[in-house]
Amino acid sequence: MFQEYDVIVVGAGHAGCEAAAAAANLGSKVLLITMNMQNMAQMSCNPAMGGIAKGQIVREIDALGGYSGIVSDESMIQFRMLNRSKGPAMWSPRTQNDRMLFSSKWRSLLEKTVNLDFYQDSVVGLLKSGNQIKGVKTAQGHSINSKSVVLTNGTFLNGIIHIGEKQTKGGRVAERASIGITEQLVEWGFESARLKTGTPPRIDGRSLDYSRMEEQKGDEIITGFSFIETQKPLKQKSCWITYTNSEVHDILRSGFHESPMFQGRIKGTGPRYCPSIEDKINRFSERERHQLFVEPEGFETVEVYLNGFSSSLSEEIQHKALKKITGFENCKMFRPGYAIEYDYFPPTQLKVNLETKLIKNLFFAGQINGTTGYEEAACQGIIAGINAHQNINDLEAFTLKRNEAYIGVLIDDLINKGTDEPYRMFTSRAEYRTLLRQDNADIRLTEKSFRIGLASQERMDKVIEKKKDIKEIISILHNKKLEPEQVNDYLENKSSALAQQKVKVAQVLLRPEITLKSMTNAISAIQDQLNVFSDEVLEQAEIQIKYQVYLDKEEEMIKKMRLLEEQIIPESFNYENVSSLSNEARQKFKKIKPQTLGQASRISGVNPSDVQILMVYMGR
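Fair warning: this is a prediction, and the values are worked out from it, not measured in the lab. (Residues numbered from 1 in each chain as written. Predicted model: local features only at pLDDT ≥ 70, side-chain atom pairs only at ≥ 80, totals over all residues. Heavy atoms only, no water.)

Mapped onto the secondary structure, Ser 604 falls in the loop between helix 20 (597–601) and helix 21 (608–619). In this structure Ser 604 comes out as partly exposed when scored by relative accessible area, which is 37%. Note: C-alpha distance between Ser 604 and Glu 584 (20 residues apart in sequence) is 9.7 Å. When near neighbours in sequence (up to four residues on either side) are disregarded, Ser 604 contacts Asn 416, Lys 417, Glu 584 and Lys 588. (Helix = DSSP H or I, 4+ residues; strand = E, 2+ residues; numbered from the N terminus. Buried < 20%, exposed > 50% of the residue type's maximum accessible area, 1.4 Å probe, protein only. Contact = heavy atoms within 4.5 Å.)

If you trace the backbone, Ser 72 turns up in helix 3 (residues 68–74). Here Ser 72 falls in the buried class, since its relative accessible area comes to 0%. The contacts of Ser 72, once residues within four sequence positions are left out, are Met 49, Thr 95, Asn 97, Phe 102 and Phe 225.

Before going further, it helps to examine the side chain of Thr 446. Take Thr 446: it is sitting in helix 11 (residues 441–452). Excluding residues within four positions of it along the chain, Thr 446 makes contact with Ala 63, Ala 441, Ala 455, Arg 459, Met 460 and Val 463.

Time to look at the nonpolar core. Counting 90 residues, the largest nonpolar core has Leu 151 and Leu 362 as its most contacted members. Looking at this core, the element that brings in the most residues is helix 9 (residues 374–392), giving ten residues. Those residues in contact with Leu 362, other than ones at most four positions away along the chain, are Leu 126, Ile 133, Val 149, Leu 151, Leu 185, Phe 190, Leu 354, Glu 355 and Thr 356. In this structure, Ile 474, Val 487, Tyr 490 and Val 505 belong to the second largest nonpolar core, which totals 26 residues. (Core = buried A, V, L, I, M, F, W, Y, C linked by side-chain atoms within 4.5 Å.)

Counted under the stated rule, the structure contains eleven aromatic pairs. Grouping aromatic residues by their ring pairs yields a cluster made of Phe 573, Tyr 575, Phe 589 and Tyr 617. Its end group placed over the ring of Tyr 423, Arg 429 keeps NZ or CZ at 4.2 Å from the ring centre. (Phe/Tyr/Trp six-rings, centres within 6.5 Å; stacked < 30°, edge-to-face > 60°. Lys NZ or Arg CZ within 6 Å of the ring centre and 35° of its normal.)

Right, let's get into the sheet that holds strand 4 (residues 76–82). With antiparallel pairing, three strands are arranged side by side in an open sheet as 3-5-4. Only two strands of the sheet have a single partner each, and these edge strands are strand 3 (48–50) and strand 4. The average angle at which neighbouring strand axes cross in this sheet is 15°, direction not considered. Direction of pairing for strand 3 relative to strand 5 (residues 92–97): antiparallel, over a ladder of three bridges. Paired with Ala 48 across the strands is Gln 96, a residue of strand 5. (Pairing = 2+ DSSP bridges. Axes fitted to C-alpha atoms, helices over the stretch in contact; angles between N-to-C directions.)

Moving on: the pattern of salt bridges. Tallying each qualifying case throughout the model produces 40 salt bridges. The partner of Glu 247 in a salt bridge is Lys 324, with the nearest N and O atoms 3.6 Å apart. One end of the pair, Glu 247, is in helix 6 (residues 246–253); the other, Lys 324, is in the loop between helix 8 (315–322) and strand 18 (333–335), with 77 residues separating them in the sequence. When its relative accessible area of 42% is taken as the criterion, Glu 247 is described as partly exposed. Since its relative accessible area comes to 35%, Lys 324 is described here as partly exposed. (Salt bridge = Lys/Arg side-chain N within 4 Å of Asp/Glu carboxyl O.)

On to the pairing of strand 7 (residues 123–129), then. The side chains of a regular strand alternate between the sheet's two faces. Pairing of strand 7 with strand 8 (residues 132–138), which is carried by six bridges, proceeds in the antiparallel orientation. The residue bridging Leu 126 from the neighbouring strand is Val 136, located in strand 8.

Despite not being glycine, Ala 41 shows a phi value in the positive range, around 55°. Within the secondary structure layout, Ala 41 lies in the loop between strand 2 (30–34) and strand 3. Located in the positive-phi region is Ser 495, a residue other than glycine, with phi close to 55°. Here Ser 495 falls in the exposed class, since its relative accessible area comes to 70%.

Take a look at the structure:
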């Protein structure tokens, strides 16, 4: 039945879909295997993409030529640019999405992708020869050969679902778990562990009283994620905000005696930054209420997602507590929240290209690496898919550094520091976040992707045009001088100090209360020159002028770090010969096998003195 494939991708979640698309679009013959083709790119938890730091990741995936940004734009029911009141490094796009439309859009794009085949089955084992992967074994008894394999198993590896005292095996509600892969990988020498995540109950929106909640509308101007033209919605749906209260908390506490989390039935570590509602009221007992977001699941459904109310308590307790929330007095529950426990493989077992160190051409991406979130999974998927193709064609690995992308920060954190809890991206994790903004992801990454054949000519042409326009605008702003009478009415209106002599537009723009758009609208002397440019490039030019000092500082930091990154550590380097290294550093170096001194310096538990010792020894 099956030919030999270049790449087999196991799992069609966010990581698997991006991996399959990337490898196929680069020219590899790809087979995507999933347990259920109706659930491809399923939004297992909240129906939303992006958010703080996550929005930057989606824009980076899009800049590389991935599909997540396009699908998010074309299935959105609401768009918001978060953190607009802060500096541009913090601006983060977020979409509320139609859950069913999101999945169908993904499937449609994948079905239009040349070189990509599909098969509905469960992978129960892997094939290898020596230390090289050779394919997969399926539950239907097929052995399918391939040159590389990408595992993106999500929460399905030995997954157990917890609702109160009930336990069922599954990777998602009503979907069976994946058995066999963990056991085989452990037999081959891999280390595995357990993590836990959860999801809230789904509610019948017809049973809610929205008049008692706070409305949260979308932005009037929809930016979206994709740098190419996408179909945006003509109308948006509102989300709503409500709160728990002391009565809700008391009811939830009454169920603690049967909680799988508090009674020790759940062994895996849960996400610190997205705790269950019972965990919140237990850890923050002094708080009288917790904020909840009431999020619609789509345009054509009444189903509602209650963000902030993840729970593994019994159905009865969940329903009883829900009815005490403002606006939820008559609520009907479609299904209860639950916790899910699953296997993952600590990501220090991976190379920077997401290939495993033990088995050649075997790649891991997504929750199998200990991450949480669609965006974190999708970005690993595109990198793993690219590198599966690169590897089997003896091409250079495609990697991103910490100063090049949030994706680079995420992968660097995972392979050097590992994680013993579900890893989530934050802007604070990126030390070069002023450079790694959501607005310039295409400028940073599209050319890199275009050079390996993934990003399209259309995308590359748009970046070239954008860079040219930005350069031209910056030149105009630095050279154009305004007479006091041309600018003072505007400055007075902005409560800004008046000009006493000729002043360059760029100098006026440096004032914190001034924006380029408002200047262009108000000052006729610059309108003819600037109105020909799009809002996108005007904003980009403004950011570069306003934040040049900070951008220069980060560039200087990057230059200093580059010296360490250029110091290659041979794979055969014997750390036992360096007697002055600390025991912890020696053990970490032997386990992780850093490829450069820069990577060695970022390993958890390694001190600066250990890196200096290593540097001196290598110099000798």
